[in-house]
Amino acid sequence: MSIDNPEVMETPNAEAVAEAPILTEVLPELPTVMDEQDLIIETRNLSKRYGRLQAISNLNLQVPRGAIYGFVGPNGAGKTSTMRILTTLMKPSGGEAYISGYSVVTAPREVRRSIGYMPDFFGVYEDMKVWEYLDFFAACYEIPEAQRPGLINDLLELVDLAHRRDDMVDKLSRGMKQRLCLARTLAHDPQVLILDEPASGLDPRARIEIRELLIELAKMGKTIFFSSHILADVNEICTHIGIIEAGQMVAQGPIKAMRQQLMPHRVLVITLLGRMDEAKEALLHVEGILGIVDLPPEDGKIRIKVEFTGEDLRMSEMLQALTSKGIPVVNFAEESSDLEAVFMKATKGIVS
Amino acid sequence: METPATRTRISLNPLRPLLRNPVALKELRGRMRGPRAFVVLTCYLIVVGGFTTLLYIAGTAATYNTTGEVDGGTLGRVLFGSVVAIELFLVTFITPAFTAGSISGEHESQTYDLLRTTLLPERQLVFGKLFSALAYVFLLLLAAIPLQSIAFLFGGVDVEEIVISLLVLLATAIFLGNIGVYYSAITHRTLRANIMTYVTILAVILVTTAGAVIALAIVEGLDPSTSSSGSEWVLLVARGIFVCLNPLTTLLSTQQYLVNQQTLFTFKYTFTDGTTTTLPSPWIAFTIFYLLLSVAVFFATTRHLKRIEG
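Residues numbered from 1 in each chain as written. Chains lettered and ligands numbered in written order. Predicted model: local features only at pLDDT ≥ 70, side-chain atom pairs only at ≥ 80, totals over all residues.

**Remarks on the interface of chain A and chain B**
Interfaces are often described in size by the accessible area the parts lose on coming together.
Point 1. Residue-level contacts link 27 residues of chain A with 23 residues of chain B.
Point 2. Listed by contribution, the elements that provide at least two residues to the side of chain A that touches chain B are α3 (108-114), β7 (115-118) and α4 (130-140) of chain A.
Point 3. Looking at the side of chain A that touches chain B element by element, the count peaks at 7 residues for α4 of chain A.
Point 4. Grouping the amino acids of the side of chain A that touches chain B by side-chain chemistry returns 15 nonpolar, 3 polar and 9 charged. (Contact = placed C-beta atoms within 7 Å. Helix = DSSP H or I, 4+ residues; strand = E, 2+ residues; numbered from the N terminus. Nonpolar A, V, L, I, M, F, W, Y, C, P; charged D, E, K, R; others polar.)

Printed below as a string of structure tokens:
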């Protein structure tokens, strides 16, 4: 599966998602994480129990500074509980959680200063103007009155709502409200954004706008920790993912490493104009090849699928082996192991 | 275009420090926006004004003295007392309505979690909600002062009485406001908070009125030859407590002492054995008690909000 045809685990928005690719021709470049060991969000054996229900058990979350971390899992896996603990709204039953080095239990004020939180609902006051809404939250974050008008204009500019500054909040569309909420989370210039299902319930255009905004914010140096049950979102913008199921972390790490770790076999599809046997013979001499399978021909062209392990260098060696013998290669492309396969492999389907 | 920056710079508002409280500012903006604030104020004045007019018509007919002229002093006092009573009634109903939705409304609009993750201290949240609601109630009370003052035309009422009535009304509003916010904080549901607030108010009114009446009946029925001054003291204090817990009896007995004894701050009580003692006027006890209780409820509300979901 490629980016051009994203599928979803749960499809409340199946039509919406299907339309999305028209607008995503150019995918923005993702930020890079400098130091994998510099953790800005860290939990150690975090647990949460509601009566007899164990919502989270021994969760060790590790989010490096500057990452766009996708926290993926089915509904009811413990994503929201984890986020409520990280945002100081709920006490953990056991374990520790730190944001920017501050414990969410013992230093909640410092944690609140470092985070911007967007829950999975809008949370807007309907009887306010757009600028008043931001002014109110800026005041709640103790931003001096004199600085607020400039800040509000900057925030509205960033989320592209400057033209709606004096409108009432209830006149805004869903996507606009979501962007206004995102602007609110940025009022105090936090280092970390904790976003619960930021794209849920939005139309395709609004989803893409939010996605681009998140990448923009990551480039500004913010760490973004967001939850989603839609893999397509995660696939396109995350540098890191964590997969949670039934309150337990099944797998986490940089997205590339995750793909390799869980899907060690890489798959290459080669299209030829002829000389298939010679091609197979040539490829067998390359190290790391696990198997070659014939695919049904397409438009009369021969196609073979090569499974291999290792770095990109292997692919280069394969291409050289073919071209040095003058074999007519017309297409040579890796089939990206999609996140859904990674996800299905990692989770056992306990929840949902 | 006018920006908020220019707007704030030219402001000479004496309430400026209070408006630093973001919640108070937001609530006042919301409350005074649109026709609602104007409509409530107008209806309130129509009700109070209508009753005053009716009482005036009824009063002039009923208070002819022996020489066939209207007894101005009595009419003035009746008008004044009635206006205060109506105000008390309206404040008792309006204040809970303005406050019982304050915190639960944040839960209902799903903004409570957002507020909790900001740096806004809980006491500022409670104070802002309370202040904005009480500011409007205070506006209603101030707006009715001209109607209270009609009594001046007939005499029999002093400025001090208007000030005292305002103090008692205000203490009542502050207490009821705190009760409303408290229930709003602990229930998360506006409807339930409203019901709990009104039930509490009704209970206070019933218990204090019944208590005052019973204590009074016992005092009146005392036989001077058999009762000791000790037991009379107990009854006097008991009656005093019940009277001072109820704004209506507080106002009535304050005015009674004012008319009979011409004293504003104290009154003399004569025991059945003939000895007398001087006690503070009920409005003082009422105001101090309910303001202290309001502070206690305020802190209880703040404490409740500080708790983090376990």
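**Description of the pairing of strand β10 (residues 240-245) of chain A**
All names here are of chain A.
Point 1. Extensive coverage of β10 is indicated by the burial of 6 of its 6 residues.
Point 2. Alternating positions in β10 separate into two faces, His240, Gly242 and Ile244 on one and Ile241, Ile243 and Glu245 on the other, with burial throughout.
Point 3. As paired elements, strand β4 (residues 68-72) and β10 share 4 bridges and run parallel to each other. Note that in β10 the partner of Phe71 across the bridge is Gly242.
Point 4. The pairing of β10 with strand β11 (residues 248-254) spans 6 bridges and is antiparallel. Bridge pairing links Ile243 to Ala251 in β11. (Buried ≥ 20, exposed ≤ 12 C-beta atoms within 10 Å, placed from the backbone. Pairing = 2+ DSSP bridges.)

**Structural notes on the nonpolar core**
Point 1. Within the largest apolar cluster, 136 residues are counted, with the highest numbers of intra-cluster contacts made by Leu134, Leu180, Ile194, Ile224 and Phe225 of chain A together with Val137 of chain B.
Point 2. By size, the runner-up hydrophobic cluster in this structure holds 9 residues, among which are Ala279, Val306, Met318 and Leu322 of chain A. (Core = buried A, V, L, I, M, F, W, Y, C linked by C-beta atoms within 7 Å.)

**Description of helix α11 (residues 312-324) of chain A**
Point 1. Over its 13 residues, α11 of chain A runs 19 Å from end to end, which matches the ideal 18 Å to within 8%, given 1.5 Å per residue.
Point 2. Just beyond α11 of chain A, the residue with positive phi is Gly326 of chain A, at close to 75°. (Expected span 1.5 Å × (residues − 1).)

**Some words on the sheet that holds strand β14 (residues 301-308) of chain A**
All names here are of chain A.
Point 1. If you walk across this open sheet you meet the 4 strands as β13-β14-β12-β15, and the pairing is antiparallel. Of all the strands in the sheet, just β13 (289-298) and β15 (329-335) have a single pairing partner and so form its edges. Geometrically, the sheet is characterised by an average inter-axis angle of 20° between neighbouring strands, direction not taken into account.
Point 2. In this structure, strand β12 (residues 266-272) lies alongside β15, joined through 6 bridges in antiparallel fashion. Residue Leu268 lies in a different strand from β15, and its bridge partner there is Glu334.
Point 3. Contacts from α11 reach β12, β14 and β15, with the element oriented near 165° to β15. (Axes fitted to C-alpha atoms, helices over the stretch in contact; angles between N-to-C directions.)

**Overview of the pairing of β7 of chain A**
Residues and elements named next belong to chain A.
Point 1. Side chains of β7 alternate between two faces, with Ile115 and Tyr117 and Gly116 and Met118 buried alike.
Point 2. Of the strand pairs in this sheet, β7 and strand β8 (residues 192-196) are connected by 4 bridges, and their pairing is parallel. Residue Ile115 lies in a different strand from β8, and its bridge partner there is Val192.

**Thoughts on the packing of α4 of chain A against helix α5 (residues 148-158) of chain A**
Residues and elements named next belong to chain A.
Point 1. The interhelical angle for the contact between α4 and α5, taken along N-to-C directions, is 120°, at an axis separation of 10 Å. Accordingly, the angle class assigned to the pair α4 and α5 is oblique. Between α4 and α5 the crossing geometry is right-handed. Each of Trp131, Leu134, Asp135 and Ala138 in α4 lies in contact with α5, whose residues at this interface are Arg148, Leu151, Ile152 and Leu155.
Point 2. Partitioning the contact of α4 with α5 into residue classes produces 6 nonpolar, no polar and 2 charged. (Parallel < 35°, antiparallel > 145°, perpendicular 65-115°, else oblique. Left-handed = near helix turned anticlockwise from the far one by under 90°.)

**Some thoughts on the confidence of the model for chain B**
All names here are of chain B.
Point 1. For chain B, the mean per-residue pLDDT works out to 83, and 88% of the residues sit at or above 70.
Point 2. At the low end of the mean pLDDT range in chain B sits helix α1 (residues 4-9), at 46; at the high end sits helix α14 (residues 282-306), at 94.
Point 3. Counting contacts from residues 1-8, a segment whose pLDDT is below 50, to residues more than four positions away or on other chains yields 7 contacts.
Point 4. We note a pTM of 0.79 for the whole complex and an ipTM of 0.82 for its interfaces. (pLDDT = per-residue confidence, 0-100.)

**Some points on the environment of Gln54 of chain A**
Residue and element names in this part refer to chain A.
Point 1. Its location among the elements puts Gln54 in strand β2 (residues 53-59).
Point 2. Sequence spacing of Gln54 and Ser103 is 49 residues, and the spatial spacing of their C-alpha atoms is 22 Å.
Point 3. With residues near it in sequence (within four places) discarded, Gln54 still touches Arg49 and Gly247.

**Some points on unusual backbone geometry**
When glycine is set aside, most residues are seen to have a negative phi, and most peptide bonds are trans.
Residues and elements named next belong to chain A.
Point 1. One non-glycine residue, Thr88, adopts positive backbone phi at about 65°.
Point 2. Relative to the helices and strands, Thr88 resides in the loop between α2 (79-86) and β5 (94-99).
Point 3. Look at Thr88 and you get buried, because 24 C-beta atoms sit within 10 Å.
Point 4. Positive phi values are uncommon outside glycine, yet Ala246 reaches one of about 50°.
Point 5. Within the secondary structure, Ala246 is located in the loop between β10 and β11.
Point 6. We classify Ala246 as buried; it has 20 C-beta atoms within 10 Å.

**Things to note about the packing of helix α3 (residues 22-32) of chain B against helix α8 (residues 122-143) of chain B**
Residues and elements named next belong to chain B.
Point 1. Interhelical geometry of α3 versus α8 gives an angle of 35° and a closest axis separation of 7 Å. Of the two possible hands of crossing, α3 and α8 adopt the one that is right-handed. Here Pro22, Val23, Ala24, Glu27, Leu28 and Arg31 of α3 lie close against α8, whose contacting residues are Gln124, Leu125, Gly128, Lys129, Phe131, Ser132, Ala135 and Tyr136.

**A closer look at the sheet that holds β8 of chain A**
Residues and elements named next belong to chain A.
Point 1. With mixed pairing, 6 strands are arranged side by side in an open sheet as β7-β8-β9-β4-β10-β11. Of all strands in the sheet, those bounded by a partner on one side alone are β7 and β11. Put simply, the sheet's adjacent strands are angled 15° from each other on average, direction ignored.
Point 2. In the packing of helix α6 (residues 174-185) onto the sheet, the strands contacted are β7 and β8, and the crossing angle to β7 comes to about 160°.

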